[in-house]
Amino acid sequence: MTTNAATTNAVVSTADTTNPAVSTADTTNADTTDADTTDADTTDADTVTADPAAAPVTDTGTAATAATAVTAVTAVTAPVGAGEELQVRRRRRLSPGRRLPATRLAGPALLLVLWAAASAAGQLDPAAIPAPWTVLETGVHLWTDGTLPKDILTSLQRAASGFAIGLTAGVALALASGLSRTGEALIDGSVQLNRAIPTLGLIPLFILWLGIGETFKIAIIAIVVYIPIYLNTHAALSGIDSRFVELAEVQGLSRYAFIRRIVIPGALPGFFVGLRLGVTGSWLGLVVLEQINATSGLGYMMFQAQNYGQTDVILVGLVVYGIFGLISDSAVRLIERRVLSWRRTLSS
Amino acid sequence: MATHTEQLTRPAVRLRGLTRSFDGRTVLDSLDLDLPAGQFTALLGHSGSGKSTLLRAVAGLDHEVTGSGRLTAPERVSVVFQDSRLLPWQRVLDNVLLGLDGKEADRKGREALAEVGLKGREGAWPSELSGGEAQRAALARSLVREPELLLADEPFGALDALTRIRMHVLLRELWERHRPSVLLVTHDVDEAIVLADRVLVLDHGRIGLDLTIDRPHPRSYRDPLLGEYRERLLAALGVTEDHQ
């Protein structure tokens, strides 16, 4: 502020001595205030500048007006300028900022483009990595001749049956063990033991017990699925806030009402974590089972292709697995969002 | 009016020789207490004096506690906790209706919400309510069951000072309209004086002071006549007011 006032004085004094100095000083000052059109004084300053020759300083009156105008103008501009200087400096942003639109697909799309470009340029060995269009062609061919739909159906049936059994078992066991101490004593230890054994390690035993047919495959998938569902649901059930249990007692809820209105909704978030792990597990189990002990299904198709060196068929199989995984995971997410809609108010 | 007096003669809560102890430490020591029907009673005491133990005993919530004595309490008892304890996965109206059945339930729930000033918030999620609103919803939930006895365990302890004053007015209004017996557990002497017609001080598991506050409602914190009650209560709590 003080420095600004000093400058004004300097301008006024120069205005008294030399003509051009006045006009330059005025022009700069007028320019700075141009934005401030409401100030009547600015117009005065403008008139002075507009005609530098016709405004000789001989006329002291005009000079004085010009000088006052200048002072007024500076007085107006000064706080604005000072305000700008004092403005809070914005902190450096450390978060990555706003999400770019449709960026999830950008990475995969780029990879696809690179793959296609490298294939077209002949940089990739077609026996190792066939071109995208070859894979597409093979896929269409396998689909139209009926082998692919049949294999997909077989695989889906296995995964779905195993998943359904695993889901039911996981939830039933978690409820039994989470809601009664007897159930917990009988079930929880056994499941924890079961969890310690890698399920795929059970394959030889299960083949001897159940034969190499569908039953054993479904059983293995069911085991892969039930474990994460049980573990997460059970943890959620035992983690239910004791204050809510107290509330249920105070409100005189029946055991059934307590389970339906407090236990189940309270355990749902944990259940969904388990469900998503279970879905992923069912595909994993399926792939392993079909590639080592099957005579039909997607894995079998890929296994056969490996014997004949058909990388394109293997890639078709992988793409189908990928699509399955993506669809099932999105479906679970969608259901989760619907069912746990009360949580969105917390995150938003 | 006649029924009213008759109600007053029959105690809503009767405790005889109530003893409760945790790990060998006696929290309630052979306590005798009668709460007349329709009376607004406040229970003061230091933390650890057994206030909450007493309330939980009357509410029937002390499952794994060693103790003896006789206790009679009404059939319909509601409890308001310090936290609103609304189920986050149920909308406000469903929270109010928790444990209530019948075709009239929905209408009663809406009425109760309107009564506590939450008309229009029936469909909100608890997470969308402010602290005061959540506690209003909790009050509605306890009222909708038409309790003969309302137990409140420091219900306004977590609220800011302004909200607390508004809630005091609301609670008193609701009590005047529905006339349940109230046992309000609090550590706030002023709250007890402003709201209750009888204030008990619990000291080492026994009733240290039983004070009837005979002043008209609504009461003001600035009422000089309440100052005398205040001093007696603070003295019973072992707080001296030398600085005043």
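The model shown is predicted, which means the values in this text are computed figures rather than measured ones. (Residues numbered from 1 in each chain as written. Chains lettered and ligands numbered in written order. Predicted model: local features only at pLDDT ≥ 70, side-chain atom pairs only at ≥ 80, totals over all residues.)

### Some details on the confidence of the model for chain B
Looking at chain B, the pLDDT average stands at 88 and 94% of residues meet or exceed 70. Low pLDDT, under 50, characterises residues 1-8 of chain B; the stretch is placed with 5 contacts to residues that sit more than four places away or in other chains. (pLDDT = per-residue confidence, 0-100. Contact = placed C-beta atoms within 7 Å.)

### Topic: the packing of helix α12 (residues 255-293) of chain A against helix α14 (residues 311-339) of chain A
In a pair of packed helices, the angle between the axes and the distance between the axes together describe the arrangement. Residues and elements named next belong to chain A. Between α12 and α14, whose axes approach to 11 Å, the crossing angle comes to 170°. Comparing the axis directions of α12 and α14 gives the class roughly antiparallel. Contacts from L268, F272, L275, R276, V279, W283 and V287 of α12 reach α14 at Y321, F324, G325, S328, D329, V332, E336 and V339. Per-class residue counts for the contact of α12 with α14 are 10 nonpolar, 2 polar and 3 charged. (Axes fitted to C-alpha atoms, helices over the stretch in contact; angles between N-to-C directions. Helix = DSSP H or I, 4+ residues; strand = E, 2+ residues; numbered from the N terminus. Parallel < 35°, antiparallel > 145°, perpendicular 65-115°, else oblique. Nonpolar A, V, L, I, M, F, W, Y, C, P; charged D, E, K, R; others polar.)

### Considering the UniProt feature "domain: ABC transporter" (unreviewed entry) in chain B
According to UniProt, the "domain: ABC transporter" (unreviewed entry) feature falls on residues 13-229 of chain B. Helix makes up 32% of residues 13-229 of chain B and strand makes up 28%, while its end C-alpha atoms are separated by 25 Å. (UniProt positions renumbered as here; feature names shortened; annotations may be inferred.)

### So, the packing of helix α10 (residues 214-238) of chain A against α12 of chain A
Residue and element names in this part refer to chain A. Direction vectors running N to C along α10 and α12 enclose 155°, while the axes themselves pass 7 Å from each other. By the angle class used here, α10 and α12 are roughly antiparallel. With respect to the hand of their crossing, α10 and α12 are arranged in right-handed fashion. The residue makeup of the contact of α10 with α12, split by class, is 20 nonpolar, 8 polar and 1 charged. (Left-handed = near helix turned anticlockwise from the far one by under 90°.)

### Some words on the environment of R158 of chain A
All names here are of chain A. Tracing the sequence through the fold places R158 in helix α7 (residues 147-179). Distance in space between the C-alpha atoms of R158 and L340 is 29 Å, their sequence separation being 182 residues. Filtering out sequence-adjacent residues up to four positions away, R158 remains in contact with E214, K217, I218, I221, L286 and G297.

### Here's the deal with the sheet that holds strand β4 (residues 66-72) of chain B
Residue and element names in this part refer to chain B. Pairing within the open sheet is antiparallel, and its 3 strands lie in the order β2-β1-β4. Strands at the two margins of the open sheet, each flanked by one partner only, are β2 (25-36) and β4. Within the sheet, the average angular offset between the axes of one strand and its neighbour, ignoring direction, is 0°. Alignment of strand β1 (residues 11-22) against β4, held across 6 bridges, turns out to be antiparallel. Within β4, the position partnered with T19 by the bridge is S68. Contacts from helix α2 (residues 51-59) reach β1, β2 and β4 within the one sheet, and its direction differs from that of β1 by about 120°. (Pairing = 2+ DSSP bridges.)

### Some details on helix α6 (residues 132-144) of chain A
Residue and element names in this part refer to chain A. Between the first and last C-alpha of α6 there are 18 Å, a value that for 13 residues agrees with the 18 Å anticipated at 1.5 Å per step. If you check which residues of α6 are buried, you get V135, T138 and L142. The arc that holds the buried residues of α6, viewed along the axis, is 65°, so those residues lie on one side. Residues of α6 that are exposed and point more than 90 degrees away from the buried face comprise W133, V140 and T144. Its buried side turned inward, α6 meets α7 and α14. Count one or two residues on from α6 and you reach G146, which has phi positive near 90°. (Expected span 1.5 Å × (residues − 1). Buried ≥ 20, exposed ≤ 12 C-beta atoms within 10 Å, placed from the backbone. Arc of directions from axis to C-beta.)

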